[in-house]
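Read off the chains here:
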Amino acid sequence: MPSFDELVDDFEDGTLDTGLWSGSYGDPTEAGGQALIPCTTGYAGLKSASAYTLTGSGITARVHAPAPDGATSAAASVLVLTSTGGTDAGFIVDSAQTALGLYSRTGYADGDAVFLTYSATDHAWLRLREDSGSLLWDASPDGLDWTTLRTADTPAWAADTDLAFLVEGHRDAGTPDTIALDSVNVAPVAVVNGTASLTASATLAAAGRPNVRAAASLTGSAQLSAHGAAGVHGAAALAAAANAACAGRAVTRSAAVLSASATLSAAGRVSSPVARGRAGAGVSRRPAASGGLPRTPSARPGLTTGGGT
């Protein structure tokens, strides 16, 4: 008895998985990392097998709504379906009406439906989930930070084991377009950019060859150590109580400075401007060495508060 958490598709292989989406109709396709569902005056849907349960699980999708392009209603229905037509729950995005409907329907009607102004940014990601007796409708701009838009008691059918997930497209007029899904139950990748530094008591260690180049600094009581060769190049500075040590050879070049009580040691050989006689007066420097993501049309044109769409 799989839960909806097990329905996963990133649409990245260029071929629609007809086993996973065995209930589909109206010729949805897959291309460019997306599932593409036609939004015409007919009905087309990307529909899973009727084989899942909603209890304790959920369904998440990145949904790109169709363009209005002359329609009065251009809708993307994102629904969990039961085996009874018109009994379902989920979202209907109508880009022509700039509306987002949150439904838990019986006979295509929900007297408690919630209607919001649709934002392609704030409502880019949609999620329906069941948690401990509550059904929750969530939205997110990035798939990471979520806002709960509606909460209701879990309907009894959530425990059924023959539920299906459907994304359906339909418009009343205008130029045909598509609904695009980037993913189903696939979390987005978070990238953090910034700079890194070795400061204070940080340690850089390796069994190979650590190199510090250009104007990099090892400060405070930082350590640079290796069993190979340690190199400090350019205007790098080993300051305060820092030390560079290795069992191979240690080299400082150009304007590198060994200052204060810094120690440069190796079991191999030591080469530096300081060791060659360019040390400043009055400072102690000690280089040393000791050696070398059946059709059930579920969306109808328009969003109304007393019935289905």
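This write-up is about the structure you can find in this document. No experiment lies behind these values; they were computed from the predicted model shown. (Residues numbered from 1 in each chain as written. Predicted model: local features only at pLDDT ≥ 70, side-chain atom pairs only at ≥ 80, totals over all residues. Heavy atoms only, no water.)

1. Things to note about the overall build of the protein
When you go through the protein residue by residue, the secondary structure sums to one helix and 25 strands. In the protein, which comprises 309 residues, the proportion classed as buried is 43%. (Helix = DSSP H or I, 4+ residues; strand = E, 2+ residues; numbered from the N terminus. Buried < 20%, exposed > 50% of the residue type's maximum accessible area, 1.4 Å probe, protein only.)

2. Digging into the environment of A71
Here A71 shows up in the loop between β4 (58-64) and β5 (74-81). Classification of A71 by relative accessible area gives buried; the value is 14%. Considered as a pair, A71 and T41 are 30 residues apart in the sequence and their alpha carbons are 9.6 Å apart. Contact partners of A71, with chain neighbours within four places excluded, come to A96, R171, D172, A173 and G174. (Contact = heavy atoms within 4.5 Å.)

3. Things to note about the pattern of salt bridges
Under the counting rule described, the total for this entry stands at four salt bridges. Residue R150 is joined to D110 by a salt bridge in which the shortest nitrogen-to-oxygen separation is 2.9 Å. One end of the pair, R150, is in strand β11 (residues 147-153); the other, D110, is in the loop between β7 (99-105) and β8 (114-117), and 40 residues separate them in sequence. In this structure, D138 and R129 form a salt bridge, with 2.4 Å as the shortest nitrogen-oxygen distance. In this structure R129 comes out as partly exposed when scored by relative accessible area, which is 23%. Connected via shared salt-bridge partners are R127, R129 and D138. (Salt bridge = Lys/Arg side-chain N within 4 Å of Asp/Glu carboxyl O.)

4. Observations concerning the nonpolar core
If you look at the biggest cluster of nonpolar residues, it comprises 39 residues, and the most contacted ones within it are F4, L7, W21, F165, L181 and V184. Once residues within four sequence positions are removed from consideration, F4 is found in contact with Y52, T53, L54, S57, G58, I59, V80, L163, A164, F165 and N185. (Core = buried A, V, L, I, M, F, W, Y, C linked by side-chain atoms within 4.5 Å.)

5. Considerations on the sheet that holds β5
The sheet built from six strands is open, its strands ordered β3-β12-β5-β6-β7-β8 with antiparallel pairing. With one partner strand each, in any of the chains shown, β3 (44-47) and β8 form the two edges of the open sheet. On average, adjacent strands in this sheet sit at an angle of 15° to one another, irrespective of strand direction. Here eight bridges tie β5 to strand β12 (residues 164-171), and the two strands are oriented antiparallel to one another. Paired with A74 across the bridge in β12 is R171. (Pairing = 2+ DSSP bridges. Axes fitted to C-alpha atoms, helices over the stretch in contact; angles between N-to-C directions.)

6. Considering unusual backbone geometry
With a phi angle near 45°, D69 is a residue other than glycine that sits in the positive phi range. Tracing the backbone shows D69 in the loop between β4 and β5. For S132, which is not glycine, the phi torsion reads 50° and is therefore positive. Mapped onto the elements, S132 comes out in the loop between β9 (125-131) and β10 (134-140).

7. Structural notes on the pairing of β11
Here β10 pairs with β11 via six bridges, running antiparallel. By the bridge assignment, W137 is partnered in β11 with R150. The antiparallel pairing of β10 with β11 creates a hairpin that spans six residues between the two strands, and G143 there sits at a positive phi of about 80°.

8. Focus: the sheet that holds β10
Reading across from one edge, β1-β2-β13-β4-β9-β10-β11 is the order of the seven strands in this open sheet, with antiparallel pairing throughout. Both outer strands of the open sheet, β1 (29-31) and β11, are each paired with one neighbouring strand and no more. Geometrically, the sheet is characterised by an average inter-axis angle of 25° between neighbouring strands, direction not taken into account. Of the pairings in the sheet, the one linking strand β2 (residues 34-39) to strand β13 (residues 177-184) comprises five bridges and is antiparallel in character.

9. So, the side chain of E30
Among the structural elements, E30 can be located in strand β1. Buried and unpaired, E30 has R62 as its nearest opposite-charge partner, separated by 16 Å. Only 3.3 Å separates the side chain of E30 from the backbone nitrogen of D13, close enough to count as a polar contact. Of note is the side chain of E30, whose polar atom sits 3.0 Å from the backbone nitrogen of G14. Discounting residues that sit within four places of it in the chain, E30 has contacts with F11, E12, D13, G14, T15, L16, D17 and A35. (Lys, Arg positive; Asp, Glu negative; His and termini not counted. Polar contact = N/O pair within 3.5 Å; in protein donor to acceptor, adjacent residues only side chain to side chain.)

10. Points about the pairing of β10
Among the seven residues in β10, six count as buried, and that is most of the element. Examined bridge by bridge, β9 and β10 share seven bridges and lie antiparallel to one another. Among the inter-strand pairings, W125 is bridged to a residue of β10, identified as S140. Once β9 ends, the chain turns through two residues before running back antiparallel as β10, passing S132 with a positive phi of about 50°.

Shape descriptors only; they carry no functional weight alone.
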